[in-house]
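Take a look at the letters that make up each chain.
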Amino acid sequence: MTIWRLVFKEILHRKLSFALGLLSVVAAVTCAVGATSLLAAHDARTAALLARKEAELKSQMAELEDDMRKAMLKLGFNLVILPKNQDVGDWYADGFATEYMPEDYVHRLAESDIVTIRHLLPSLQQKMTWPEMRRTIILMGVEAEVPKLNKSPRTPLVQPVPRGAMVLGYELSQGLGLEPGQKVRLMGREFTVQRCHAERGTKDDITVWINLREAQEMLDKEGLVNAILALQCICAGPAGLASLRSDVAGVLPDTRVIERGSKILARAEARAKVGEKAKAALERERKARAALRRERERVAAFLAPLVIAACALWVGLLAFGNARARRGEVGILRALGLRGRQIMLLFLSRAFAMGLVGGAVGYAAGLFLGARLEESLEGAAGAVGLGGLLRPGVLPAALLGAPLLACLASWIPALLAAQQDPARTLMEQ
Amino acid sequence: MMLRINGLTKRYESPGGVVQALHGVSLSVSRGEFVAVQGPSGSGKTTLLFTAGGLLRPDEGTVRAGEVEPYLLNPEKRARWRARTVGFVFQQYHLAPYLNVEENILAASLAAPSEDAPVRARRLMDRFRLRERARHLPAQLSSGERQRVALARALLNSPSLLLADEPTGNLDSDNAGVLLDYLADFAANGGAVLLVTHDDRVARRADRTLRLSAGQLENHPAPTPADQSPD
Ligand SMILES: Nc1ncnc2c1ncn2[C@@H]1O[C@H](COP(=O)(O)OP(=O)(O)O)[C@@H](O)[C@H]1O
Ligand SMILES: [Mg+2]
């Protein structure tokens, strides 16, 4: 015979009273665990939601970037650096520069610490008559792009033209019936047609591209260029051009910077703005979820202690009733020589058992209820699994906390039972 | 001498006034002696019994059982002393309704744990013809059987003093006779029995009968010289 056996038997005997107490503990634990698992489910759903939106944003941004890259490729270069004494009116009118600057400028620019310029392409251009063909052309000597040293290398926007090769604009290739691979003479030199561009509807259609060195030799302009094409990084922003002008002027004082194709840039910028908006929307969503969580936390922080307190009170009242019903039993146990502490243990063990069973059942019920509640608040779609509800420490807290709570709630009735005068109760019977 | 009570006085204070339940009661019970105290209802019998058993502290007077004065012990030690020295039997049996016969008897071992308690319980059930009833609940027993379970429980820890309060009050004469035989047996085997009852026929079964009325013993026998010795 042990106290435990006695407690167990008594519980079976007074099932209803025990069940009422148990139900109360289950309710308290369910409420507490339900609140935490609701919050856990909320967090899991938030994480999944934000991850999905982030992935969406990422792919959207990738698309935008790709779009940008394509726009840039179409645009080619959006900046032209010209010699300072170049008449810009002439440049606009003719489509090419007539003044010269040292080719070395492009290297100075490349080695400068200006970070908002990428891709530098020096060129030497001259409007002339193709003597052999008697046609007006723009001869354009181009070199391979000069890499910006402080930038990671990027794929070049234009293919360099090797010596002895020639790239033709649409009008020329059509008008002269030239095709890639054919040999043709220009100013007495032999060239092989490397490529023929499609129609662009610009002066490009009457342009002949050859190697820069060869052009310099042919035009007797060794070491000189008259334009450097460049690409301004979109990251420079709208205020970028002004600061870029002064930056370039700092490195190359006798040049000027002209911007082209700002419409395409504006479009690109607008797309970038869409990206920004999507990012902002994601941030808003994140904040809204956090606010919702705080609100739920507040409700839980208010409701859970209230329910726990009410349940504790109820458990205490039931324990009180149990102790009253067992006055005679306690009296005889004391007469048999049981000590007050043993009587207390008798009642607290009962409370402990109630707490332990209630904690286990309440834990399971809390998980279930939390999940159900979360589902009904946010919809079954995207509901998190059981894994999302589990929080480390909640199960031990339920299994330790509930018995502790039940014992505390039963403490005073247990103490009163232990202190009751056995002589008086036995005489009353 | 197993039990020696000297000059016991007990007053109850209640809103209705003070009740003098015992008034200078002295008595003693030797080992092997079966003493009955007979008196009408309200004469103080239960008060006397509880006081003798260390359950109710007297206002005046001393209680001594063997070498121990229980009211000089702290409550914890007094409970231990009671568990090993005193057995109680009441008119109302006071069995736990949810424990079977064997468990009710063994409940006494909670106060004085010992390895051979189950063996002793079985022996007591054999002796009190309860063996077939071991797994039965009190509700399934006759009143005679219930009282024998209560007696077995009182005897489980082998007390030297048995205190019985109207133990036959709810029994028919056959069952009452059986129970009184057991009490006499206990005394015959060296135990001390103090039984209180209003019933003259029950009192007559004792070796010695004292009469209590209004908290005082009648014809209080003159203390023997041994009683007067200071120890
Ligand atoms: N707790 C109490 N408060 C007041 N009076 C009491 C109390 N207990 C017993 N009494 C009174 O003390 C007297 C003796 O009671 P009791 O010892 O129970 O007598 P008996 O057992 O002989 O009937 C009775 O008059 C009873 O009413
Ligand atoms: Mg009485």
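Quantities reported herein were computed from a predicted structural model and do not represent experimental measurements. (Residues numbered from 1 in each chain as written. Chains lettered and ligands numbered in written order. Predicted model: local features only at pLDDT ≥ 70, side-chain atom pairs only at ≥ 80, totals over all residues. Heavy atoms only, no water.)

Peer 1: Explanation requested: the overall build of chain A in the structure shown.
Peer 2: Regarding its fold elements, chain A presents 13 helices and eleven strands. Burial analysis of chain A (429 residues in total) assigns 45% to the buried set. Accessible surface, chain A as shown: approximately 21,400 Å² in total, 60% of it carbon and sulfur. (Helix = DSSP H or I, 4+ residues; strand = E, 2+ residues; numbered from the N terminus. Buried < 20%, exposed > 50% of the residue type's maximum accessible area, 1.4 Å probe, protein only. Areas by Shrake-Rupley, 256 points an atom, 1.4 Å probe, with all protein chains shown as cover.)

Peer 1: What's the story with the overall build of chain B in this structure? I'm lost.
Peer 2: On a plain count of helices and strands, chain B comes out with eight helices and nine strands. Whereas a compact globule of 231 residues would reach a radius of gyration of roughly 17 Å, chain B reaches 17 Å, a difference of no more than 12%. Viewed in the frame of its principal axes, chain B has a C-alpha envelope of about 50 × 40 × 35 Å. Looking at chain B alone, contacts between residues at least 24 apart form 72% of all its contacts between residues at least 6 apart. Once the 28 positive and 26 negative side-chain charges of chain B are each reduced to a mean point, those two points are 3 Å apart. (Rg over C-alpha atoms; globule rule 2.2 N^0.38 Å. Contact = heavy atoms within 4.5 Å. Lys, Arg positive; Asp, Glu negative; His and termini not counted. Charge placed at Lys NZ, Arg CZ, Asp CG, Glu CD.)

Peer 1: Teacher, can you tell me more about the site of ligand 1 here?
Peer 2: Close contacts around ligand 1 come from 13 residues, with Gly-42, Gly-44, Lys-45, Thr-46 and Thr-47 of chain B the closest. Site remark: ligand 1 is flanked by residues from chains A and B. A distance of 3.1 Å separates an oxygen atom of ligand 1 from a polar backbone atom of Ser-43 of chain B. In this structure, an oxygen atom belonging to ligand 1 sits 3.0 Å away from a side-chain N or O atom of Lys-45 of chain B. Broken down by secondary-structure element, the contributors of at least two residues to the shell around ligand 1 are helix H13 (422–428) of chain A together with strand E2 (17–29) and helix H1 (45–52) of chain B. (Near = heavy atom within 4 Å. Polar contact = N/O pair within 3.5 Å; in protein donor to acceptor, adjacent residues only side chain to side chain.)

Peer 1: In this structure, what is going on with the sheet that holds strand E6 (residues 161–165) of chain B? I would like to understand it.
Peer 2: Paired through backbone hydrogen bonds, the strands of a sheet run either parallel or antiparallel to each other. Residue and element names in this part refer to chain B. Ordered in space as E5-E6-E7-E3-E8-E9, the six strands form an open sheet in which the pairing is mixed. The strands lining the two open edges of the sheet, one partner per strand, are strand E5 (86–90) and strand E9 (216–217). For E6 and strand E7 (residues 192–197), the ladder comprises five bridges, and the chain directions are parallel. Each bridged residue has a counterpart across the sheet, and for Asp-165 the counterpart in E7 is Val-196. In the packing of helix H5 (residues 143–155) onto the sheet, the strands contacted are E5 and E6, and the crossing angle to E5 comes to about 165°. (Pairing = 2+ DSSP bridges. Axes fitted to C-alpha atoms, helices over the stretch in contact; angles between N-to-C directions.)

Peer 1: Any chance you could explain a nonpolar patch on the surface here in plain terms?
Peer 2: Residue and element names in this part refer to chain A. Taken together, the side chains of Leu-16, Leu-20, Leu-313, Trp-314 and Leu-317 present a nonpolar region at the surface, about 530 Å² in accessible area. Going through the elements one at a time, helix H2 (15–75) and helix H8 (262–325) are the ones with two or more residues in the nonpolar patch. It is H8 that provides the largest number of residues to the nonpolar patch, a total of three residues. Tracing the backbone through its elements, the reader meets Leu-16 in helix H2. (Patch = residues over 30% accessible without salt bridge, like charges linked within 9 Å, V, L, I, M, F, W, Y side chains within 5 Å. Salt bridge = Lys/Arg side-chain N within 4 Å of Asp/Glu carboxyl O.)

Peer 1: Looking at this structure, I do not really get the interface of chain B and chain A. What am I missing?
Peer 2: Interface extent is often summarised as the accessible area lost during association of the parts. The interface of chain B with chain A comprises 27 residues on the first partner and 26 residues on the second. Broken down residue by residue, the surface that chain B buries against chain A is led by His-94, Tyr-98 and Leu-110 of chain B, which jointly contribute 31%. Between Lys-9 of chain A and Glu-103 of chain B there is a salt bridge, with its nearest N and O atoms 3.2 Å apart. Of all elements in the fold, only H1, helix H2 (75–85), E5 and helix H3 (101–106) of chain B reach the threshold of two or more residues within the side of chain B that touches chain A. The dominant element in the side of chain B that touches chain A, judged by the number of residues it contributes, is H2 of chain B, at five residues. (Buried area = accessible area lost by both parts, 1.4 Å probe.)

Peer 1: In this structure, what is going on with the sheet that holds strand E11 (residues 255–259) of chain A? I would like to understand it.
Peer 2: Residue and element names in this part refer to chain A. Read across the open sheet, the nine strands follow the order E6-E7-E5-E8-E4-E3-E10-E1-E11; overall the sheet is mixed. Because the sheet does not close on itself, it has two edges, and the strands there are strand E6 (183–186) and E11. Pairwise comparison of adjacent strand axes, ignoring direction, gives a mean angle of 35° for this sheet. Sheet analysis places strand E4 (residues 135–142) next to strand E8 (residues 207–211), joined by five bridges and oriented parallel. Bridge pairing links Met-140 to Trp-209 in E8. Strands in contact with helix H4 (residues 104–111) are strand E1 (79–83), strand E3 (117–130), strand E10 (227–232) and E11; relative to E3, the strand with the most contacts, it is inclined by about 165°.

Peer 1: Please explain the domain arrangement of chain A as it appears in this structure.
Peer 2: What the domain assignment lists for chain A is domain 1 (3–62 + 273–428) and domain 2 (79–260). Computed over C-alpha atoms, the centres of domain 1 of chain A and domain 2 of chain A are 78 Å apart. (Domains from an automatic or database assignment.)

Peer 1: Any chance you could explain the pairing of E4 of chain A here in plain terms?
Peer 2: Of all eight residues that make up E4 of chain A, six are buried, and the element is covered over most of its length. Where E3 of chain A hands over to E4 of chain A, the hairpin turn is made up of four residues, of which Arg-134 of chain A adopts a positive phi near 55°.

Peer 1: In this structure, what is going on with the packing of aromatic side chains? I would like to understand it.
Peer 2: Two measures describe an aromatic ring pair: the distance that separates the ring centres and the angle between the ring planes. Inspection of the entire model under this criterion finds five aromatic pairs over all chains. Here the aromatic residues Phe-50, Phe-88 and Phe-90 of chain B are joined through ring pairs into a cluster of three or more. In this structure, Arg-326 of chain A packs its charged tip against the face of Phe-347 of chain A, placed 4.9 Å from the ring centre. (Phe/Tyr/Trp six-rings, centres within 6.5 Å; stacked < 30°, edge-to-face > 60°. Lys NZ or Arg CZ within 6 Å of the ring centre and 35° of its normal.)

Peer 1: Teacher, can you tell me more about the side chain of Ser-173 of chain A here?
Peer 2: With respect to the secondary-structure elements, Ser-173 of chain A resides in helix H5 (residues 170–176). On the basis of relative accessibility, which here comes to 5%, the residue Ser-173 of chain A falls in the buried class.

Peer 1: Could you clarify how one ought to interpret the state of the cysteines in this entry?
Peer 2: Joining two cysteines, a disulfide is a covalent bond between their sulfur atoms. Residues and elements named next belong to chain A. The tally for this structure, following the rule as stated, stands at zero disulfides over all chains. Residue Cys-311 stays outside any disulfide, its sulfur separated by 7.7 Å from that of Cys-31, the closest cysteine. Relative accessible area serves as the criterion here: at 10%, Cys-311 is assigned to the buried category. (Disulfide = S-S within 2.5 Å.)

Peer 1: Would you take a moment to explain the pattern of salt bridges for this structure?
Peer 2: One side chain can pair with another of opposite charge once the charged atoms of both are near each other. Residues and elements named next belong to chain A. Within this structure, the stated rule accounts for 37 salt bridges over all chains. Between Arg-45 and Glu-374 there is a salt bridge whose closest N-O contact spans 2.7 Å. Of this pair, Arg-45 sits in helix H2 while Glu-374 is found in helix H10 (residues 340–378), placing the two residues 329 residues apart along the sequence. Each member of the pair Arg-45 and Glu-374 is classed as buried.

Peer 1: Honestly, the nonpolar core in this entry has me stumped. Any pointers?
Peer 2: Among soluble globular proteins, nonpolar side chains are generally buried collectively. Counting 85 residues, the largest nonpolar core has Leu-151, Leu-162 and Leu-183 of chain B as the members making the most contacts within it. Take this core: its biggest share by element is ten residues, from H10 of chain A. Excluding residues within four positions of it along the chain, Leu-183 of chain B makes contact with Phe-34, Leu-151, Leu-162, Ala-164, Pro-167, Val-193 and Leu-195 of chain B. (Core = buried A, V, L, I, M, F, W, Y, C linked by side-chain atoms within 4.5 Å.)

Peer 1: How should I be thinking about the side chain of Glu-103 of chain A in this particular structure?
Peer 2: Residue and element names in this part refer to chain A. Secondary-structure assignment places Glu-103 in the loop between strand E2 (101–102) and H4. On the basis of relative accessibility, which here comes to 8%, the residue Glu-103 falls in the buried class. A polar atom in the side chain of Glu-103 sits 3.0 Å from the side chain of Gln-216. Aside from chain neighbours lying at most four places away, what touches Glu-103 is Glu-143, Leu-212, Arg-213, Gln-216, Gly-223, Leu-224 and Val-225.

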